[in-house]
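Reading the structure
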Amino acid sequence: MTLAATTHLNTPAVSLPLAQRMSRMKTSAVREILKVAERPDILSFAGGLPAPELFPVEAIAQAHAEVFAHEGPAALQYSTTEGYGPLREWICAHLAERGLSATIDQVIITAGSQQGIDLVAKVMLDPGDVVVVENPSYLAALQNFDGYQARIEYVGSDDEGMRVDELEALATRCRPKLIYIVPNFHNPKGTTLSLERRHALVRFAQKHRVLILEDNPYGELRFRGEALPSLASLDDMGVVVQLGTFSKTLAPGLRLGWAVGSRELTRSLTIVKQSTDLHTGTLAQRATARLLAKFDYDAHLTRLRAVYGQRCQAMLDSLEAHMPEGTRWTRPDGGMFLWAELPRGMRGEDILPRAIEQKVAFVPGSPFFAAHPKAQCIRLNYSNRPPELIDEGMRRLASVLAAQ
Ligand SMILES: Cc1ncc(COP(=O)(O)O)c(C=O)c1O
């Protein structure tokens, strides 16, 4: 594969040979169509965007102002790779409230959980190593594992999340090195891993000495039912590394997340992070630590949960009212997405251009599959629009489906 490189806009292009991995990292046709979905006249349920009106803008601005007033030079200086101590301490206290006991040397601050995925992959995966994912799975994780030339194997999933019972059979044919899972309010499906499967998954990982990468960006966004213990909290052998993020609770533009795991693994993550970006932005870390010291984070989460719960319900009601017979969808207890299966014979990719003509957008499901894509599936995001626009959008989508 080659890249057209120019030293000046008017000079002829030179072909540069790229790394082999680039041949596995394609831009999809869907991504091109979704660029159109960003047009302001389109009601888009495609992106994974939180509600911007719920970003605590003033509190974040105030925290930054305080940082500049009291610790400006330190906040603009290079810093340690592990991250800012008081922020890591807050994370430990926060995790303890959720039943996970960890010390500060088990926590590293990352540039969002996306970087956590990358660092874990970099530490764990040699070309050809096996990563097990749910099918379908979070697209940007699949792309990341592809970038490390890993072999992606999959197990199925249903309304209770990953089919953990399929892991033993898989382990008889290959030796997994990493299991990647989004246990709470899955992206793209919106489903949650049941308690029984959580125990079974940790038992499997301990027995086979496989690392579980527990990606938990949506765990705080439960608007229905009881919270379930995290995989990390069920593990006493250091086989789980858990990722968290402030992207879905404060704001994704902060680019602040964390990884928590065994001391040994955290040390390895720190080494690879050092060569990746030295450290996460000092200013954002210090401002967020200040913010969390006095901001009522729990009250903020309660508000987010209430709004997202309402929006999810609006989408469920709207789907119920308008979708043609044969359409099915998941019923999330939290998070930002639901997953719908269109009536037989309809394909998300084929419907999308027609939906865009009617000024509504979604993401076709196929790219989320590691194998055997189900083209009739689509992902719908409900966090980014108020209920009345969700209803209008689902009406438009239903009319496109009815016209098929
Ligand atoms: C499952 C999953 N993991 C990770 C991320 C990345 O989030 P962050 O902004 O924390 O990097 C996302 C974002 O949508 C996600 O859905």
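In the block above lies the structure referred to throughout.
Here we summarise the structure given alongside this text. Each chain carries its own residue numbering, running from 1 in the direction its sequence is written. For a predicted model such as this one, the threshold for reporting local features is a pLDDT of at least 70, and the threshold for listing and counting side-chain atom pairs is 80 or more; totals across whole chains, interfaces and linings nevertheless cover every residue. Hydrogens and water are ignored here; the side-chain numbers use all heavy atoms of the structure.

As a further point, take the site of the ligand. Lining the immediate environment of the ligand, one finds 14 residues, of which Ser113, Asp215, Tyr218, Thr245 and Ser247 sit closest. Under the rule applied, a polar contact is a pair of N or O atoms within 3.5 Å (in protein, one hydrogen donor and one hydrogen acceptor; residues adjacent in sequence only if both atoms are side-chain atoms). In the model, an oxygen atom of the ligand is placed 2.7 Å from a nitrogen or oxygen of the serine 113 main chain. Between the ligand and the protein, one listed contact pairs an oxygen atom with a side-chain N or O atom of asparagine 187 at 2.8 Å. Helix numbers and strand numbers start at the N terminus; a helix is a DSSP run of H or I with at least 4 residues, a strand a run of E with at least 2. Take the shell around the ligand: its biggest share by element is 3 residues, from helix α4 (residues 112–124). Only a single heavy atom is needed: when it lies within 4 Å of a molecule or strand, its residue is near that molecule or strand.

What follows is about the packing of aromatic side chains. Paired rings are identified among Phe, Tyr and Trp, the last through its six-membered ring, by centres lying within 6.5 Å, and are further divided according to the angle between planes into stacked (under 30 degrees), edge-to-face (over 60) and tilted (the rest). Under the counting rule described, the total for this entry stands at 9 aromatic pairs. Aromatic pair phenylalanine 246 and tryptophan 258: ring centres 5.1 Å apart, planes at 55°, arrangement tilted. With phenylalanine 246 in the loop between β11 (240–245) and β12 (257–260) and tryptophan 258 in strand β12, the pair connects residues that are 12 residues apart, well separated along the chain. Of the residues examined, phenylalanine 246 reaches a relative accessible area of 1% and is grouped as buried. An aromatic cluster is built from Trp90, Phe246, Trp258 and Tyr297, whose rings are joined through pairwise contacts. Buried, partly exposed and exposed residues are distinguished by accessible area as a fraction of the type maximum, computed with a 1.4 Å probe on protein chains only: under 20%, between the cut-offs, and over 50%, respectively.

Turning our attention to the packing of helix α11 (residues 297–322) against helix α13 (residues 387–402). Relative orientation of the contacting elements α11 and α13 amounts to 30°, with a least axis distance of 9 Å. When the interaxial angle is binned, α11 and α13 end up roughly parallel. When the axes of α11 and α13 are compared, the crossing they make is right-handed. The residues of α13 that touch α11, namely those facing Arg311, Ala314, Met315, Ser318, Leu319 and His322, are Pro387, Ile390, Asp391, Met394, Arg395 and Ala398. Ten residues, namely Ala, Val, Leu, Ile, Met, Phe, Trp, Tyr, Cys and Pro, are considered nonpolar, four, namely Asp, Glu, Lys and Arg, are considered charged, and the remaining ones, Gly among them, are considered polar. A per-class count over the contact of α11 with α13 returns 7 nonpolar, 2 polar and 3 charged. Interaxial angles span 0 to 180 degrees and are taken between N-to-C directions of axes, which are lines fitted to C-alpha atoms, for helices over the stretch in contact. Orientation is classified from the angle alone, with under 35 degrees giving roughly parallel, over 145 giving roughly antiparallel, 65 to 115 giving roughly perpendicular, and any other angle giving oblique. For any helix crossing, the convention is left-handed if the near helix is rotated counterclockwise from the far helix by under a right angle, and right-handed if that rotation is clockwise. We call two residues in contact whenever any of their non-hydrogen atoms come within 4.5 Å of each other.

Moving on: the side chain of arginine 385. Note on placement: arginine 385 falls in the loop between β17 (377–381) and α13. Only four residue types enter the charge count, namely Lys and Arg as positive and Asp and Glu as negative; His and the chain termini do not. A pairing counts as a salt bridge when a side-chain nitrogen of Lys or Arg comes within 4 Å of a carboxyl oxygen of Asp or Glu. No salt bridge forms around the buried arginine 385; measuring N to O, its nearest opposite-charge neighbour glutamate 53 is 9.1 Å away. Leave out the neighbours within four places in its chain, and arginine 385 touches Ile42, Leu43, Ser44, Phe45, Arg311 and Ile390.

DSSP bridges decide pairing: two strands pair if at least two such bridges lie between them. Overall, antiparallel pairing links the 4 strands, which are arranged β13-β14-β17-β16 in an open sheet. Because the sheet does not close on itself, it has two edges, and the strands there are β13 (328–329) and β16 (363–364).

Expected helix span is taken as 1.5 Å per residue step, with the number of steps being one fewer than the number of residues. For helix α2 (residues 57–75), which comprises 19 residues, the first-to-last C-alpha distance of 19 Å sits more than 12% below the rise-based estimate of 27 Å (1.5 Å per residue). In this scheme, the bend at a residue equals the angle between the axes fitted to the seven residues that finish there and the seven that begin there. The largest bend along α2 reaches roughly 75° and is located at alanine 69, with the proline proline 73 sitting one to four residues downstream. For α2, the set of buried residues is Ile60, Ala63, His64, Glu66, Val67, Glu71, Gly72 and Ala75. Next to the buried residues of α2 lie α10 (282–294).

A word on the pairing of strand β14 (residues 337–341). Burial analysis of β14 places 5 of its 5 residues in the buried class, the great majority of the element. By the alternation rule, side chains of β14 split into Phe337, Trp339 and Glu341 and Leu338 and Ala340, which are all buried. Here β14 runs beside β17; their pairing, made up of 5 bridges, is antiparallel. When the bridges of β17 are listed, alanine 340 appears paired with isoleucine 378.

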